[in-house]
Amino acid sequence: MRSRYADSRWTLVVVSTLVLCLAAFVPSPIERRPEWERVGPDKFLHLVGHGAYAVVVADAVAAGRWSDREAAVLAVCVSTLLSLVSGQLQNYVPGRAFEVADVVAGLFGSLLAISGWYVVNGTSSVVDD
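In this numbering scheme, every chain counts its residues from 1 along its sequence in written order. Selection of residues for local features in this predicted model requires a pLDDT of at least 70, selection of side-chain atom pairs for listing and counting requires 80 or more, and totals for whole chains, interfaces and linings are taken over all residues. Think of the side-chain values as coming from all heavy atoms in the structure, minus any hydrogens and water.

Q: Would you mind going over the nonpolar core with me for this structure?
A: Note that soluble globular proteins tend to have their nonpolar side chains buried in a common cluster. Counting residues in hydrophobic clusters, the biggest one holds 19 residues, and the most contacted among them are Val57, Ala75, Ile114 and Trp117. In DSSP terms, a helix is any run of H or I states spanning at least four residues, a strand is any run of E spanning at least two, and both are numbered starting from the N terminus. At the level of elements, α1 (4-25), α2 (41-62), α3 (68-89) and α4 (100-120) are the ones that each hand at least two residues to this core. Sorting elements by how many residues they give to this core places α2 first, with eight residues. The nonpolar core is taken to be a set of buried Ala, Val, Leu, Ile, Met, Phe, Trp, Tyr and Cys residues, with the residues joined through side-chain atoms within 4.5 Å. Think of it in three bands: with a 1.4 Å probe and only protein chains considered, a residue is buried below 20% of the maximum accessible area for its type, exposed above 50%, and partly exposed in between.

Laid out in structure tokens, this is it:
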């Protein structure tokens, strides 16, 4: 029997995915600047957005039959894959472009957030079974 709480976790994953995708495909209201290619205000948004997204994904996956470790790895991979795909699709959005630094910021945010999630869940031991 499935609980409604588990379903709400997946609803949050779907909503979070849509929010990240919509944010990635909104035309930029400000002009792109070359000096922002590696460090800029959008990198912080990628760090926070993908960090939160990874935690939401890990929480939903861990509610199933996956271990916390597996859920953490999968969540970072899913978040990074979403960053790569949406980054490539940004090439078709006015004022937006794929930047490797955006993906790196998202990956770093995912790793930081998942590390915190993993510790908070009390599974920071080496043996996880």
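Q: Got a minute to help me understand a nonpolar patch on the surface in this structure?
A: Only residues above 30% relative accessible area that lack a salt bridge enter a patch, with like-charged residues linked at up to 9 Å and the nonpolar side chains Val, Leu, Ile, Met, Phe, Trp and Tyr linked at up to 5 Å. Method for areas: the Shrake-Rupley scheme with a 1.4 Å probe, in which residue coverage is limited to the protein chains shown. The rule for a salt bridge is simple: a side-chain nitrogen of Lys or Arg has to be within 4 Å of a carboxyl oxygen of Asp or Glu. On the surface, a nonpolar cluster with roughly 520 Å² of combined accessible area is contributed by Phe25, Leu81, Val85, Leu89 and Tyr92. At three residues, α3 tops the list of elements feeding residues into the nonpolar patch. When its relative accessible area of 70% is taken as the criterion, Tyr92 is described as exposed.

Q: Any chance you could explain the packing of α3 against α4 here in plain terms?
A: Between two packed helices, both the angle of their axes relative to each other and the distance between the axes serve to describe the pair. Close contact between α3 and α4 brings their axes to 9 Å; oriented N to C, the two are set at 160°. Accordingly, the angle class assigned to the pair α3 and α4 is roughly antiparallel. Of the two possible hands of crossing, α3 and α4 adopt the one that is right-handed. The segment α3 lies against α4, with Asp68, Arg69, Ala71, Ala72, Ala75, Val76, Ser79, Thr80, Ser83 and Leu84 engaging Asp102, Val103, Leu107, Ser110, Leu111, Ile114, Trp117 and Tyr118. Put simply, Ala, Val, Leu, Ile, Met, Phe, Trp, Tyr, Cys and Pro go in the nonpolar bin, Asp, Glu, Lys and Arg in the charged bin, and everything else, Gly too, in the polar bin. Partitioning the contact of α3 with α4 into residue classes produces 11 nonpolar, four polar and three charged. Here, axes are lines fitted to C-alpha atoms. For helices the fit covers the stretch in contact, and angles between N-to-C directions go from 0 to 180 degrees. Any angle that is under 35 degrees is reported as roughly parallel, and any over 145 degrees as roughly antiparallel; angles of 65 to 115 degrees are reported as roughly perpendicular and all others as oblique. Helix crossings fall into two classes, left-handed where the near helix is turned counterclockwise from the far one by less than a right angle and right-handed where it is turned clockwise. In this description, contact between two residues means that some pair of their heavy atoms is separated by no more than 4.5 Å.

Q: Honestly, the packing of α2 against α4 in this entry has me stumped. Any pointers?
A: Axis separation between α2 and α4 bottoms out at 7 Å; the angle between their running directions is 45°. Between α2 and α4, the crossing angle belongs to the class labelled oblique. Our pair here, α2 against α4, has a crossing hand that is right-handed. Of the residues in α4, those in contact with Asp42, Lys43, His46, Leu47, His50, Gly51, Ala54, Val55, Ala58, Asp59 and Ala62 of α2 are Ala101, Asp102, Ala105, Gly106, Phe108, Gly109, Ser110, Ala113, Ile114 and Trp117. Taken together, the residues of the contact of α2 with α4 sort by class into 11 nonpolar, six polar and four charged.

Q: What is the right way to read the confidence of the model for the chain from this model?
A: Do not read the fine detail of predicted coordinates wherever pLDDT is low. For every residue, the predictor states its confidence as a pLDDT score lying anywhere from 0 to 100. Across the chain, pLDDT averages 85, with 81% of residues at or above 70. Per-residue pLDDT stays below 50 along residues 124-129; that stretch engages in 11 contacts with residues further than four places along the chain or on separate chains.

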